[in-house]
Amino acid sequence: MAVISFANSKGGSGKTTSALLLACELANTKRVTIIDADPRHPITTWATLTGVPENLTVVTNESEKTILDEIEAAVEQSTFVIIDLEGTASRLMSYAMSQSDLVVVPAKEQQQDALAALDVIKEIHRDMKANRRDIPYAVLFTQSKVVAKSRTARFISQQFRDNPKIDTFKTEIFERDAYSAMFAVGGSIRTMSSKDVNNLDAAQRNVEAFTAEIIAKLRANREKAQQVA
Ligand SMILES: Nc1ncnc2c1ncn2[C@@H]1O[C@H](COP(=O)(O)OP(=O)(O)OP(=O)(O)O)[C@@H](O)[C@H]1O
Ligand SMILES: [Mg+2]
């Protein structure tokens, strides 16, 4: 069982897209619940289209008052619970993070996203103090350009990668047609046809690498916690 939330108070940083990619990939082999706490409810809308993986349940969050109960119920049913959070710092975000085994902080390689990521990290540290519990987190760079990455983009991500206090994913989620197409046509990148979207193979490999890194981080954190206990 693992609870993974996606948090960054900057709108459009890639929370919903990365959360759905991970959820669908994990649902290939395990039971997964995704809690849609994005006020626009994009994943709830996606779930009305065809192609939702059999092992994936979508729960629409009602409010900050219900999020803890929704997480508790989802943990009973599923091996992985993924929470897509809203694009503003809130009590709901703190509640979700307090229950998480891993917080993924998606950020575009842009200054505003990077600053917002730092704000979320500060919030996570406050929550850790308040709850007297370690909350592992890692920054995920998203919507990266496959070709011709700008010097600014490289500089921003490198600053995070060089900071020994901040964990980052080696994998970055590239900007891909397939990832935005999911929301328009439904289903996952596994159910799409390479005739309809560009570079589907590369998109699938990208998501596999991200998912493998998630599993590795959960495992490493669990081992660390056991050593401390
Ligand atoms: N890796 C990607 N490749 C292509 N398009 C992407 C990618 N990630 C996000 N997008 C597009 O960028 C926009 C914002 O992404 P997304 O909705 O995932 O961000 P968000 O952090 O959930 O935003 P909000 O804070 O508003 O909830 C969407 O239109 C989405 O389709
Ligand atoms: Mg969103």
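Relevant structure appears above.
Residues numbered from 1 in each chain as written. Chains lettered and ligands numbered in written order. Predicted model: local features only at pLDDT ≥ 70, side-chain atom pairs only at ≥ 80, totals over all residues. Heavy atoms only, no water.

Undergrad: Help me out: how do you make sense of the overall build of the protein in this one?
TA: Assigned secondary structure in the protein consists of 8 helices and 7 strands. Its C-alpha radius of gyration of 17 Å places the protein within 12% of the 17 Å reference for a compact globule of 229 residues. Its C-alpha atoms give the protein principal-axis dimensions of about 50 × 45 × 35 Å. A fraction of 76% describes how many contacts in the protein between residues 6 or more apart in sequence connect residues 24 or more apart. Approximately 11500 Å² of the protein is accessible, and the part contributed by carbon and sulfur atoms is 49%. A distance of 6 Å separates the average location of the 28 positive side-chain charges in the protein from that of its 29 negative side-chain charges. (Helix = DSSP H or I, 4+ residues; strand = E, 2+ residues; numbered from the N terminus. Rg over C-alpha atoms; globule rule 2.2 N^0.38 Å. Contact = heavy atoms within 4.5 Å. Areas by Shrake-Rupley, 256 points an atom, 1.4 Å probe, with all protein chains shown as cover. Lys, Arg positive; Asp, Glu negative; His and termini not counted. Charge placed at Lys NZ, Arg CZ, Asp CG, Glu CD.)

Undergrad: Hey, could you run me through the sheet that holds strand 4 (residues 80–84) in this one?
TA: Strand pairing within a sheet occurs via backbone hydrogen bonds; the two strands may be parallel or antiparallel. Taken in spatial order, the 7 strands of this open sheet run 3-2-4-1-5-6-7, and their pairing is parallel. A strand with exactly one partner marks an edge of an open sheet, and here the two such strands are strand 3 (56–60) and strand 7 (173–174). Relative to strand 4, strand 2 (residues 32–36) runs parallel, the two sharing 5 bridges. In the strand pairing of strand 4, Thr33 is matched with Val81. Against the sheet, helix 1 (residues 15–26) touches strand 1 (2–6), strand 2, strand 3, strand 4, strand 5 (102–108), strand 6 (137–144) and strand 7, its axis set at about 165 degrees to strand 4. (Pairing = 2+ DSSP bridges. Axes fitted to C-alpha atoms, helices over the stretch in contact; angles between N-to-C directions.)

Undergrad: I tried to follow the packing of aromatic side chains on my own but got confused; where do I start?
TA: Using the criterion set out here, one finds 2 aromatic pairs in the structure. Ring centres of Phe141 and Phe160 lie 5.7 Å apart, and the angle between their planes is 75 degrees; on these two criteria the pair is classed as edge-to-face. Taken together, the residues Phe141 in strand 6 and Phe160 in helix 6 (residues 151–161) connect sequence positions 19 residues apart. The same class applies to Phe141 as to Phe160, namely buried. Between Phe169 and Phe210 the ring centres are 5.4 Å apart and the planes differ by 70 degrees, which places this aromatic pair in the edge-to-face class. Placement of Phe169 in the loop between helix 6 and strand 7 and of Phe210 in helix 8 (residues 200–228) is noted, with a sequence separation of 41 residues between them. Take Phe169 and Phe210: they sit in the same class, and that class is buried. Above the ring of Phe169, the side-chain terminus of Lys217 is found at 5.0 Å from the ring centroid. (Phe/Tyr/Trp six-rings, centres within 6.5 Å; stacked < 30°, edge-to-face > 60°. Buried < 20%, exposed > 50% of the residue type's maximum accessible area, 1.4 Å probe, protein only. Lys NZ or Arg CZ within 6 Å of the ring centre and 35° of its normal.)

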